[in-house]
Amino acid sequence: MRAHLIVAALSTVFYALGAHAQTYPSKPIRMLASGVGGGGDFTARVVAMGLSQRLGQQVIVDNRPGGLVPGEIVVKAQPDGHTLMLVGVVIWLSPFMRQNMPFDPVRDFAPVTLVARIPNVLVVHPSLTVKSVQDLISLAKAKPGVLNYATSGSGNSNHIAGELFKALAGIDLVQVNYKGASLALNDVVSGRIEIMFATATAAAPHVSAGRLRALAITSKQPSAVAPELPTVAQSGLPGYSSESTLGLFGPASTPTTIVERLNKETITVLSVAETRDKLLKSGIEVATSSPAGFAALIKSDMVQSGAIIRAAGIRSD
């Protein structure tokens, strides 16, 4: 008798899960994203538009500046697939930069898919005589603590890119922090600061006009974002790779059927040539994965980038 009751109970659960998956989504979906105007916001809007068409429900982008705010909201949401977030590395790297966290980035979220990678471009002011990454490393070794590099915030991708560069090259560059990427880049263009790991789209017009010199791109492989540039690793610093990564998450305990549906539909949206071209023109390279593959990438990045953050003493609290 007890066995029959267990079978009946399990059948009810599986039926409920199947019915949920078949009726999903049953209402508009809220997609949390970073502040208005950045690469994360643009990517979220492109993905939301495509998912709205694929899922038959409106996907509404809800911008929340402050880095961790999307995670604070999603961690408290019902795990039914109607509250998602499309966010970057700040979600899983902040534990290395803050004493107190409002969530556990591994335990509290369900990774859906990797969405995009945003590499930086290593640029220098033309007053530096360097023409390559190796030239820059040689100059920095000859002048320890003399050359400065600009960042747009402690723990941002351009900061981590710079600290990794310093660690692997064995050089001493001085970080100069700014309240925003445009302010940082302006001072490199003016010659007040010599070096920056800037986004490709922001740097491109200055490189074209001769106001900056681009040396390499920070991605592991040559990138369509800047196909004319070699990677930092190819240019004299083997093993170097640093990119800002964006991905889609739901709350932990979101049913596997819903995670898999979202994964499939998001990848379909990002496979459209027009969508990929639109993102690429903004310096954003589409990159997708399985949920398990995305989870593995996060854990790997936490090991590598976490070590760099701790060694450099980067704090954001």
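Residues numbered from 1 in each chain as written. Predicted model: local features only at pLDDT ≥ 70, side-chain atom pairs only at ≥ 80, totals over all residues. Heavy atoms only, no water.

Peer 1: So what's going on with helix α2 (residues 39-55)? Which residues, and what values?
Peer 2: Its 17 residues give α2 an end-to-end C-alpha distance of 24 Å, which sits within 8% of 24 Å, the value for a rise of 1.5 Å per residue. Residues G40, D41, T43, A44, V46, V47, A48, G50, L51 and L55 constitute the buried set of α2. Just downstream of α2, G56 is the residue with a positive phi angle, here 75°. (Helix = DSSP H or I, 4+ residues; strand = E, 2+ residues; numbered from the N terminus. Expected span 1.5 Å × (residues − 1). Buried < 20%, exposed > 50% of the residue type's maximum accessible area, 1.4 Å probe, protein only.)

Peer 1: Give me the lowdown on the layout of surface pockets, citing residues and values where you can.
Peer 2: Taken as a whole, the largest pocket encloses approximately 1,300 Å³ of empty space. What lines the largest pocket is a set of 49 residues, and nearest its centre among them are S34, G38, G39, N156 and S244. Mapped by element, the contributors of at least two residues to the lining of the largest pocket are α2, β3 (83-88), β4 (109-124), α6 (157-169), α7 (181-190), β7 (195-199), α8 (200-208) and β9 (243-251). Taken as a whole, the second largest pocket spans an internal volume of roughly 540 Å³. (1 Å grid on protein atoms, 1.4 Å probe; cavity = no way out; pocket = protein on both sides within 12 Å on 5 of 7 lines; lining within 4 Å. Points joined across faces, edges and corners; volume = space filled by probe spheres on them.)

Peer 1: Outline the pattern of salt bridges, listing residues and values.
Peer 2: As enumerated under the stated definition, the model contains nine salt bridges in all. Note that D62 is salt-bridged to R64, the shortest N-O span being 3.0 Å. Of the residues examined, R64 reaches a relative accessible area of 30% and is grouped as partly exposed. In this structure, D108 and R107 form a salt bridge, with 3.0 Å as the shortest nitrogen-oxygen distance. R107 sits in the exposed class, given a relative accessible area of 57%. Here the salt bridges share partners, and the residues they tie into one network are R30, D62 and R64. (Salt bridge = Lys/Arg side-chain N within 4 Å of Asp/Glu carboxyl O.)

Peer 1: Break down the pairing of strand β5 (residues 148-151) for me, citing the residues and quoting the values.
Peer 2: On β5, burial covers both faces: N148 and A150 on one face and Y149 and T151 on the other are all buried. Judged from the four bridges that link them, β5 and strand β6 (residues 174-177) form a sheet pairing that is parallel. In the sheet register, Y149 faces β6, and the bridge partner there is Q175. Note that the unit made of β5, α6 and β6 has a crossover that is right-handed. Direction of pairing for β5 relative to β7: parallel, over a ladder of two bridges. Residue pairing in the sheet places Y149 in a bridge with I195 of β7. (Pairing = 2+ DSSP bridges. Right-handed = clockwise from strand over helix to strand, strands pointing away.)

Keep in mind these numbers describe shape, not what the thing actually does.
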